[in-house]
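# Inside the fold
As a plain string of letters, each chain reads:
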Amino acid sequence: MPVYRDDVIAWIKSVAQMIAENSSYLTDLDSAIGDADHGANMERGFKAVINKLPEVSDKDIGTIFKTVGMTLLSTVGGAGGPLYGTWFLQAGMKTAGKMELTLTDWTEALEASLNGVVMRGKAELGDKTMVDALTPAVNALKQAIQENQPIHVALTLSANSAQKGMEATTPLIARKGRASYLGERSAGHQDPGATSTYLILKVAAETWQKSI
Ligand code: ADP
Ligand code: MG
């Protein structure tokens, strides 16, 4: 089974709930190497998304993603908001008109998101940002396609790879965003944006587990 429009809506709702539950965790991570607002930023953004969602819940997946992206762009400040806004806008462009997603559709959408985030934020792998979680997640999806894995297995592999990428940010010295101002003192702390990215992808794997 593919991922249907209603599954996408269920994912966005679960992401909003997960962000609210992990708001202090994300803010604590950001207080170590940033300005202690990542959890609050994400929570504000996804609350606005939840309010906006009923207006587009009968539309195609592309429209839903684009609406999420525009809502995040207009409600979340700092670096994280525009980057997550770009993530969903790019995914929305790739999925325009679609009412369901195959594994290939989702992989192409997430790759477009990654490319958009990289184009906007100019971070490279190893700069200690969300790119360090998103890149291995996309690579795992591509590999799963090569191996003809069913979609629920691919999603789990993708979330596990994002988790490893997130964990690998801890020893790194930040080269982008506020954490880079700390230089070597940024080492020894897990990146907040890589953490929210992992959590978002983990929720996708959990919510879409029945898609095979
Ligand atoms: P701000 O840094 O403006 O306070 P947030 O706290 O919401 O914004 O988000 C911080 C996260 O954004 C970082 O942990 C990092 O993962 C991500 N980030 C910051 N700058 C960049 C960038 N140039 N490219 C990719 N991700 C970035
Ligand atoms: Mg911050």
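Our structure is the block above this text.
Residues numbered from 1 in each chain as written. Chains lettered and ligands numbered in written order. Predicted model: local features only at pLDDT ≥ 70, side-chain atom pairs only at ≥ 80, totals over all residues. Heavy atoms only, no water.

## Focus on the overall build of the protein chain
Looking only at helices and strands, the protein chain has nine helices and two strands in total. Listing every helix and strand of the protein chain by position from the N terminus yields β-α-α-α-α-α-β-α-α-α-α. Whereas a compact globule of 212 residues would reach a radius of gyration of roughly 17 Å, the protein chain reaches 16 Å, a difference of no more than 12%. C-alpha atoms of the protein chain, sized along the principal axes, occupy 45 × 40 × 30 Å. Scored against the burial criterion, the 212 residues of the protein chain give a buried share of 52%. In the protein chain, 71% of the contacts between residues at least 6 apart in sequence involve partners at least 24 apart. Per element, the accessible surface of the protein chain, about 9200 Å² overall, is 53% carbon and sulfur. Across the protein chain, 20 positive and 23 negative side-chain charges occur, with their mean positions spaced 4 Å apart. (Helix = DSSP H or I, 4+ residues; strand = E, 2+ residues; numbered from the N terminus. Rg over C-alpha atoms; globule rule 2.2 N^0.38 Å. Buried < 20%, exposed > 50% of the residue type's maximum accessible area, 1.4 Å probe, protein only. Contact = heavy atoms within 4.5 Å. Areas by Shrake-Rupley, 256 points an atom, 1.4 Å probe, with all protein chains shown as cover. Lys, Arg positive; Asp, Glu negative; His and termini not counted. Charge placed at Lys NZ, Arg CZ, Asp CG, Glu CD.)

## Overview of the coordination of the magnesium ion (ligand 2)
Here the magnesium ion (ligand 2) is held by the protein donor atoms Asp 30 (OD), Asp 35 (OD) and Asp 37 (OD), which lie 2.0 to 2.2 Å from it. As a motif over one chain, the donors of the magnesium ion (ligand 2) read D-x4-D-x1-D. Judged by relative accessible area, which is 8%, Asp 30 ranks as buried. (Donors = N, O, S within 2.8 Å, 3.2 Å for Na, K, Ca; no water.)

## Notes on the nonpolar core
Trp 11, Ile 12, Phe 46, Phe 65, Trp 87 and Trp 106 are the most contacted members of the largest nonpolar core, which has 57 residues in total. Contributing elements (two or more residues each) for this core: helix H1 (5-21), helix H3 (38-52), helix H4 (61-75), helix H5 (80-94), helix H6 (103-121), helix H7 (131-146), helix H8 (151-167) and helix H9 (192-207). In contact with Trp 87, not counting residues within four places along its chain, are Leu 110, Ser 113, Val 117, Leu 134, Thr 197, Ile 200 and Leu 201. (Core = buried A, V, L, I, M, F, W, Y, C linked by side-chain atoms within 4.5 Å.)

## As for the site of ligand 1
Around ligand 1 there are 20 residues in total, and Asp 35, His 38, Ala 79, Gly 121 and Asp 191 lie nearest to it. One of the backbone N or O atoms of Gly 121 is found 2.8 Å from a nitrogen atom in ligand 1. Within the backbone of Gly 193, one N or O atom sits 2.9 Å away from an oxygen atom of ligand 1. Compared with its free state, where it exposes 560 Å², ligand 1 has 93% of that area covered by protein. Across the shell around ligand 1, the residue classes break down as six nonpolar, eight polar and six charged. (Near = heavy atom within 4 Å. Polar contact = N/O pair within 3.5 Å; in protein donor to acceptor, adjacent residues only side chain to side chain. Nonpolar A, V, L, I, M, F, W, Y, C, P; charged D, E, K, R; others polar.)

## Here's the deal with unusual backbone geometry
For Lys 122, which is not glycine, the phi torsion reads 60° and is therefore positive. Relative to the helices and strands, Lys 122 resides in the loop between H6 and H7. Among the residues examined, Lys 122 registers a relative accessible area of 54% and is labelled exposed. Notably, Lys 128 is not glycine yet its phi reads approximately 70°, a positive angle. When you line up the elements, Lys 128 lands in the loop between H6 and H7. Under the relative-accessibility criterion, Lys 128 is labelled buried at 1%.

## With respect to the packing of H8 against H9
Direction vectors running N to C along H8 and H9 enclose 165°, while the axes themselves pass 9 Å from each other. Overall, the two elements H8 and H9 adopt an arrangement that is roughly antiparallel. For the element pair H8 and H9, the recorded crossing hand is left-handed. Residues Leu 155, Thr 156, Ala 159, Ala 162, Gln 163 and Met 166 of H8 form the contact with H9, whose own contacting residues are Ala 194, Thr 195, Tyr 198, Leu 201, Lys 202, Ala 204 and Ala 205. (Axes fitted to C-alpha atoms, helices over the stretch in contact; angles between N-to-C directions. Parallel < 35°, antiparallel > 145°, perpendicular 65-115°, else oblique. Left-handed = near helix turned anticlockwise from the far one by under 90°.)

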